[in-house]
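# Architecture and fold: a report
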Amino acid sequence: MKIEKIAPEMVSKLTQDPHVVREEREKVLEVAIGRQVRVFRRRQEVTVAELATTPGLSIGMLSKIENGNTSPSLTTLQTLANALLGVLWIADDRQVACR
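Summarised in this report is the structure supplied together with it. (Residues numbered from 1 in each chain as written. Predicted model: local features only at pLDDT ≥ 70, side-chain atom pairs only at ≥ 80, totals over all residues. Heavy atoms only, no water.)

### Details of the environment of Pro 55
Tracing the chain through its elements places Pro 55 in the loop between α3 (48-51) and α4 (59-66). We classify Pro 55 as exposed; its relative accessible area is 70%. A C-alpha to C-alpha distance of 9.7 Å links Pro 55 and Ala 83, two positions 28 residues apart in sequence. (Helix = DSSP H or I, 4+ residues; strand = E, 2+ residues; numbered from the N terminus. Buried < 20%, exposed > 50% of the residue type's maximum accessible area, 1.4 Å probe, protein only.)

### What about the nonpolar core?
Here is a general trend for soluble globular proteins: nonpolar side chains tend to be buried in one another's company. Judged by nonpolar contacts, Val 37, Leu 51, Ala 52, Leu 57, Leu 62, Ile 65, Leu 80 and Leu 84 together constitute the single largest core of 8 residues. Only α4 and α5 (74-85) provide two or more residues apiece to this core. With sequence-adjacent residues up to four places away left out, Leu 57 is seen in contact with Leu 51, Ala 52, Leu 62, Thr 76, Thr 79 and Leu 80. (Core = buried A, V, L, I, M, F, W, Y, C linked by side-chain atoms within 4.5 Å. Contact = heavy atoms within 4.5 Å.)

### Examining the pattern of salt bridges
Per the stated rule, a full pass over the model turns up 2 salt bridges. A salt bridge links Arg 38 to Glu 66; its shortest N-O distance comes to 3.2 Å. Taken together, the positions of Arg 38 in helix α2 (residues 24-43) and Glu 66 in helix α4 put the pair 28 residues apart, joining distant regions of the chain. One salt bridge connects Glu 66 with Arg 41, and the closest N-O pair in it is separated by 2.6 Å. You can see Glu 66 sitting in helix α4 and its partner Arg 41 sitting in helix α2, a full 25 residues away along the chain. (Salt bridge = Lys/Arg side-chain N within 4 Å of Asp/Glu carboxyl O.)

Structural data, given as structure tokens:
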């Protein structure tokens, strides 16, 4: 098996920065998710501080999500759904209302 060296100019193309927004579409999704989280939170008449008492959530993280500054993980989205909507997601795409 022959291993070739990577040219220095290619190294910069291969390195990835996970904090860089690669496409505008990606940023639009973050903003849309954040807006919906804020809408659902306000409908439930819950403050950010109250929601942050949910295990796995913090005021800082909620602020970043609502302002579209970060992409929440699937686990975080499920935690938010459980806290705000009372919905439990099940692996086979069924939903069970908890409220």
